[in-house]
Amino acid sequence: MAGYKRIRVPRNTWNMWLWGWFLVAPTMLGLLILNIIPIFQTLYLSLFKSGAFGRGNQYVGIGNYERLIADAQVWHAVANTLLYTVLVVPLSVALAMIIAVLLNGKVKGTSIFRTIYFIPMIAAPAAVTMVWRWLYNPQFGLINYVLTQLGLDPVRWTTDPQVGLISISLIGIWSIFGYNMVLLLASLQEIPRDFYEASDIDGASKMQQFFIVTVPLVTPTLFFVFVTTIIQSMQVFDVIYMMIDVTNPAYERTVSLVYLFYNNSFRYMDKGYGSAIVVLLLVLIMIITYFQLKAEKKWVNYM
Amino acid sequence: MGIASKAAKAAAYLFLITGAALMIIPLLWMLLTSFKTVAESTSMNPFVFFPSVWRVDNYTRVLNQNHFSAYYVNTFLMMFFRILCSLLFSAMAAYAFARLQFPGRNFLFGIVLFQMMVPTQIFIIPQYLMVDALGMRNSIFALVFPGFVSAFGTFLLRQFFLGLPRELEEASKLDGCNIGQTFLLVMLPLTRSGLVALGIFTALFAYKDMMWPLIINTSAQSATLASALAKIQSAISVNYPELMAASVLAFWPMLLVYIVFQKQFVEGIASSGGKL
Amino acid sequence: MKNRMLRSTLVMMLSLAVMTACTTNGGNQPENGQNDPPQPPQPTETNTNTGEVGDEVTLRYAVWDANQANGLRVMADEFEAANAGIKIDIEVVGWSDYWTMLEAGATGGSLPDVFWMHSNEIYRYASNGMLMNLNTYIESSDQVDLSKFPQGIVDIYNFQGNQYGVPKDFDTIGLWYNKTLFDEAGVGYPDESWTWDDLYDAAKALTKDGVYGILAPLHNQEGYYNFVYQNGGTIITDDKQSGYDDPKTIEALEYYVRFVREGLSPEVYGDAERAEAIQNGLAAMGFFGSWNLSGFTANNFMAEHFDVAVLPKQERQASIYNGLAHAIAHNTEHPEEAWTFTEYLGSKEGQERHAELGIAISAYEGAADLWVSSNDTFNVKAFVDMVAYGVIRPYSNTTIVWEDRAYESLRAAFTGDVDVEEAASNAASAMNQILAEE
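Nothing here was measured: the structure is a model prediction, and the numbers come from that model.

## Here we look at the overall build of chain A
And step 1. The helix and strand inventory of chain A stands at 14 helices and two strands.
And step 2. Considering chain A as a whole, with its 303 residues, one finds that 61% of them fall into the buried category.
And step 3. Restricting to contacts in chain A with at least 6 residues of sequence separation, those with at least 24 account for 67%.
And step 4. Per element, the accessible surface of chain A, about 12,600 Å² overall, is 66% carbon and sulfur.
And step 5. With 20 positive and 14 negative side-chain charges, chain A shows a separation of 11 Å between the mean positions of the two kinds.

## With respect to helix 10 (residues 179–190) of chain B
Residues and elements named next belong to chain B.
And step 1. Between its terminal C-alpha atoms helix 10 stretches 16 Å, which fits the 16 Å expected from twelve residues at 1.5 Å a residue.
And step 2. By the criterion of burial, helix 10 is predominantly enclosed, with nine of the twelve residues buried.
And step 3. All of the buried residues along helix 10 are Ile179, Gly180, Thr182, Phe183, Leu184, Met187, Leu188, Pro189 and Leu190.
And step 4. A distance of 3.0 Å separates the backbone nitrogen of Gly180 from a side-chain oxygen at the start of helix 10, and that oxygen is part of Asn178.

## What to know about the domain arrangement of chain C
And step 1. Domain parsing of chain C yields domain 1 (37–170 + 323–364) and domain 2 (173–321).
And step 2. If you average the C-alpha positions of domain 1 of chain C and of domain 2 of chain C, the two centres end up 33 Å apart.

## A short note on the pairing of strand 1 (residues 57–63) of chain C
Looking along a regular strand, one sees side chains alternate from face to face of the sheet.
Residues and elements named next belong to chain C.
And step 1. Counting buried positions along strand 1 yields seven of seven residues, so the element is predominantly enclosed.
And step 2. Taking every second residue as pointing to the same face, both faces of strand 1 are buried, with Val57, Leu59, Tyr61 and Val63 on one and Thr58, Arg60 and Ala62 on the other.
And step 3. With seven bridges joining them, strand 1 and strand 2 (residues 86–92) adopt parallel strand pairing. Paired with Arg60 across the bridge in strand 2 is Asp89.
And step 4. As for the winding sense of the linkage, the β-α-β connection from strand 1 through helix 2 (residues 66–82) to strand 2 is right-handed.

## Quick notes on the sheet that holds strand 1 of chain C
Sheet strands line up and pair through hydrogen bonds in the backbone, either parallel or antiparallel.
All names here are of chain C.
And step 1. Reading across from one edge, 2-1-3-12-6 is the order of the five strands in this open sheet, with mixed pairing throughout. The open sheet has two free edges, formed respectively by strand 2 and strand 6 (166–167), since each of these has just one partner strand.
And step 2. Contacting strand 1, strand 2 and strand 3 (114–117), helix 2 runs over the sheet at an angle of about 175° to strand 2.
And step 3. Seen against the sheet, helix 14 (residues 335–346) touches strand 1, strand 2, strand 3, strand 6 and strand 12 (325–328) and runs at an angle of roughly 50° to strand 1.

## Quick look at the nonpolar core
And step 1. Judged by nonpolar contacts, the single largest core of 364 residues is most densely connected at Tyr244(C) and Met285(C).
And step 2. No other element matches helix 4 (residues 68–99) of chain B, which puts 19 residues into this core.
And step 3. Three or more residues apiece are contributed to this core by two domains, here domain 1 (37–170 + 323–364) and domain 2 (173–321) of chain C.

## Considering the side chain of Gln235(A)
And step 1. Mapped onto the secondary structure, Gln235(A) falls in the loop between helix 10 (206–234) and helix 11 (238–243).
And step 2. Setting aside its immediate chain neighbours within four residues, Gln235(A) contacts Val258(A), Ile285(A), Met116(B), Met117(B), Val118(B) and Pro119(B).

## Regarding the pattern of salt bridges
Where side chains of opposite charge bring their charged atoms close, a pairing between them can arise.
And step 1. For the structure shown, the criterion picks out 26 salt bridges over all chains.
And step 2. Residue Lys271(A) pairs with Glu103(C) through a salt bridge whose shortest N-O separation is 2.8 Å. Of this pair, Lys271(A) sits in helix 14 (residues 271–299) while Glu103(C) sits in helix 3 (residues 95–108), placing the two residues on different chains. Like Lys271(A), the residue Glu103(C) is buried in the burial classification.
And step 3. What you see here is one network of salt bridges that share partners, running through Lys271(A), Glu103(C), Glu121(C) and Arg124(C).

## Observations concerning the interface of chain A and chain B
And step 1. Contacts between chain A and chain B engage 90 residues on the former and 98 residues on the latter.
And step 2. For the pairing of chain A and chain B, the buried interface totals around 9,100 Å² over both sides, and the portion due to carbon and sulfur atoms is 79%.
And step 3. Counting across the chain A and chain B interface gives zero salt bridges.
And step 4. At the boundary of chain A with chain B, the tally comes to 15 residue pairs in polar contact (both at pLDDT 80 or more).
And step 5. Per-element tally for the side of chain A that touches chain B: the top contributor is helix 2 (residues 11–45) of chain A, with 21 residues.
And step 6. The residue inventory of the side of chain A that touches chain B, partitioned by class, reads 69 nonpolar, 14 polar and seven charged.

## A word on the packing of aromatic side chains
The relation between two aromatic rings is expressed through the spacing of the ring centres and the mutual angle of the planes.
And step 1. Per the counting criterion, the structure on display carries 89 aromatic pairs over all chains.
And step 2. Relative to Trp299(A), the ring of Phe226(A) has its centre 6.4 Å away and its plane inclined at 85°; by these criteria the two rings are edge-to-face. Within this pair, whereas Phe226(A) is found in helix 10, its partner Trp299(A) is found in helix 14, the two being separated by 73 residues in sequence.
And step 3. Overall, the relative accessible area of 26% leaves Phe226(A) in the partly exposed class.
And step 4. Measuring from ring centre to ring centre gives 5.9 Å for Phe68(B) and Tyr72(B), while their planes differ by 50°; the resulting arrangement is tilted. Taken together, the residues Phe68(B) and Tyr72(B), both in helix 4 and four residues apart, mark about one turn of the helix.
And step 5. For Tyr72(B), a relative accessible area of 23% gives the class partly exposed.
And step 6. Aromatic rings pair up to connect Tyr179(A), Phe223(A), Phe224(A), Phe226(A), Trp299(A), Phe97(B), Phe102(B), Phe109(B), Phe152(B), Phe155(B), Phe201(B) and Phe205(B) into one cluster.
And step 7. Just above the ring of Tyr273(A) sits the side chain of Arg67(A); from NZ or CZ to the centre is 3.6 Å.
And step 8. Sitting over the ring of Tyr200(C), Arg258(C) keeps its end group 4.4 Å from the ring centre.

## Focus on the side chain of Asn322(C)
All names here are of chain C.
And step 1. In this fold, Asn322 is placed in the loop between strand 11 (319–321) and strand 12.
And step 2. For Asn322, a relative accessible area of 1% gives the class buried.
And step 3. Here His118 takes part through its side chain, which lies 3.3 Å from a polar atom of the side chain of Asn322.
And step 4. One polar contact links Asn322 to Ser119, side chain to side chain, over a distance of 3.4 Å.
And step 5. Among all residues touching Asn322, those that are not within four sequence positions of it are His118, Ser119, Ile153, Ile156, Asp169, Phe170, Asp171, Gln221 and Arg393.

About the thresholds
- Residues numbered from 1 in each chain as written.
- Chains lettered and ligands numbered in written order.
- Predicted model: local features only at pLDDT ≥ 70, side-chain atom pairs only at ≥ 80, totals over all residues.
- Heavy atoms only, no water.
- Helix = DSSP H or I, 4+ residues; strand = E, 2+ residues; numbered from the N terminus.
- Buried < 20%, exposed > 50% of the residue type's maximum accessible area, 1.4 Å probe, protein only.
- Contact = heavy atoms within 4.5 Å.
- Areas by Shrake-Rupley, 256 points an atom, 1.4 Å probe, with all protein chains shown as cover.
- Lys, Arg positive; Asp, Glu negative; His and termini not counted.
- Charge placed at Lys NZ, Arg CZ, Asp CG, Glu CD.
- Expected span 1.5 Å × (residues − 1).
- Polar contact = N/O pair within 3.5 Å; in protein donor to acceptor, adjacent residues only side chain to side chain.
- Domains from an automatic or database assignment.
- Pairing = 2+ DSSP bridges.
- Right-handed = clockwise from strand over helix to strand, strands pointing away.
- Axes fitted to C-alpha atoms, helices over the stretch in contact; angles between N-to-C directions.
- Core = buried A, V, L, I, M, F, W, Y, C linked by side-chain atoms within 4.5 Å.
- Salt bridge = Lys/Arg side-chain N within 4 Å of Asp/Glu carboxyl O.
- Buried area = accessible area lost by both parts, 1.4 Å probe.
- Nonpolar A, V, L, I, M, F, W, Y, C, P; charged D, E, K, R; others polar.
- Phe/Tyr/Trp six-rings, centres within 6.5 Å; stacked < 30°, edge-to-face > 60°.
- Lys NZ or Arg CZ within 6 Å of the ring centre and 35° of its normal.

Okay, here's the thing in structure tokens:
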């Protein structure tokens, strides 16, 4: 703050600064204590071979990172994580957008549909895994029963290495869809009716209206949806953790970076290496988000 | 109405209904299984869709062996305080990030974004140590702890504030409002749908948070629905009818909350939309 | 209405915040950095973990098996009644989260007072001084006599001459079989005379009509480890080398994997899938540890159709066996009370009660017989009989790490992608690499 005092700041501007600082203070303070300090501890820890219970850490420099680069499993996890994100994000956002637009129109039973589409969001992670594991069960599951009734071969949903990640992604789309839809719907409903009326007078077709009026106006929300769902997908963990054991033949093809981090930090008690894996994940997410923020100016339309 | 638009409408309904069916089948299956016997749930020949008798045995067993009333209360209180904190602090910070110019703004917002990128699992042990140092394990405070502030909420509401026309602030400035008054009286009411959306998401994330309550609240009475469900799963392993009954018990309050909030949500949107 | 309430609450709270800001600052001069940190909501539940009311001491007792919690609660109640002033607070956290919780507690200096310890983890906790040395307590105790416990289990919890745990129970692995299917196929029930050939023939005879004869999952303790030792092979040698490249070990693995490759066993991997397969009648035989007993007893299908026998033999008889112990935190605030409770749990009286209630097989000499009579659904005596030739579950300082590495290598043999010998040699080199770093 002292640095700014030397510059002559107009009273109004000064006032705005103070308000700005005041308003962000609680959040920043909370984040600092709850999150930022632990993040720096993690960064720091990634340079150590961790001793037990936070003691006797041995400095190894970039040793953990060297090990990480040579570790094929880490690169499998990177590929799995990215593939999962590519499978889940575009599909769930596109579907959510279509459904949101349909529901925003004059459709009967909007509120029932909205409830149904939102329902998967409300299921607790343990419940989601339970019900899907039961649906995916190769012998007793509903899905394989339906497939065999249709004359198709049953599928080993969770143990076939070719299928495992797709099964996990289906659950991902199913779970995240409602989140996207609610946000997009909220944003669609904020669009003033007059905008549509104006374009009606211009004689625009429904399709044109969608691209000329609707899409540009929901871009701030769409941007938010993309940024957050990509981050969430990159951090996929719960479902894989509860469904795929290390003994599973699909493990190599489904293990995600967070799962690998979790196993190393909490199962093998190798916190230094686990931290290095988190740092790798962070770097990946930061790169992706950086490009998204760059692109924000190009396609996101703020009033 | 022309034939084309009628056909389009029919197609739209078909799409909506198919999608809805896919969304709800897993949960209907959960509900149906919860009333079956183990034998019915695993019978393949014939395949059993509906239980022969709608028995509630699974529910009574699960209820008798657990403290569901405590889980409901704990979960509700955790959600309530997390919503309160995240709405209040996030709205304040979000407005500042969206509309005010001040030194360090971009840097601080960068921190907010950065926090979201970090997998929450790395916070478990540090936050455990903090709560433990305060002597607050096995309490509602412990459940709320990681949710005092919300980077997600700050980012979400910032987007909503950014979507509001600038003219409104200029007008309120002319009316003699200071920044706080403008924020509170003019801008905040306009982001009501954003606030409701954040409320819903905060409630959901809190409700779904499994690992934190499992580790911080270990006594029998202090579990939340999600952590209790994980414990039940590890205890009764693969008795699917009972597991599904437990899932349904954890599920219905959230469904109820959502249905109540949904009405709010829609009303909130309708009124703010009209003012623009 | 609710809508308005939400709004007015928010507005009120915010106006409050703004007003404070305005008044303290007088003329628009808020002082940055002086606002209070987020006010935590008041806890509404009393926090009992360190609570001392008057002279009363509350001990935290952490366990990971929810199925044992009810029985342990009964014991704790009886203990409380007999020891005025000590309360026991049982905390149940499932297996994998249990170790995360304990890790956090150990790092932060707030371990539970008394808790379960396992062979996989004892080294880390003992070698880092997280557990209380029980030597002097045991020496001066007239209730705990370590010679009454199986030596193998006592040794697990002994580190450099110091005893860090009092044995609680032991477990062995049994051969569970579906009596109904055996009767239908005209196959005699398994008993102690069964050899590998008998097992194989039975599996073959029982595989029909969509039911598999046997369940041979990719699992060590409840799977191939038993066969390795029956064949005279080993998993880890005395000088801490992998036994996966031992020809006897490979032979046993080949025998075991054959069940899967020949279609006598379904390809089953995860723990949940294993339990599903046996409890839903997918397989006529399976290997499951004694700790599954309460779950199986409660399952109507299992109770009606299944029974349990000792494992078959090859070169010798063997069953993997392991045992838990009660440990005390090194820095407990109540060492005397924690010992009193641990002492009770490890005394003849406590161990017999533990058996009677059917909590788990008590490790104390003779107490296991009481456990046998606690269950009349299955022939649970088989589990106790196997102790005579039980082999302690292989362990070292980094057990979990090399166990997972071995799984990763052996997976390919179960799916048929590589032959057993190659998979085993991969497992051996991965395991040796980990052991070399110990």
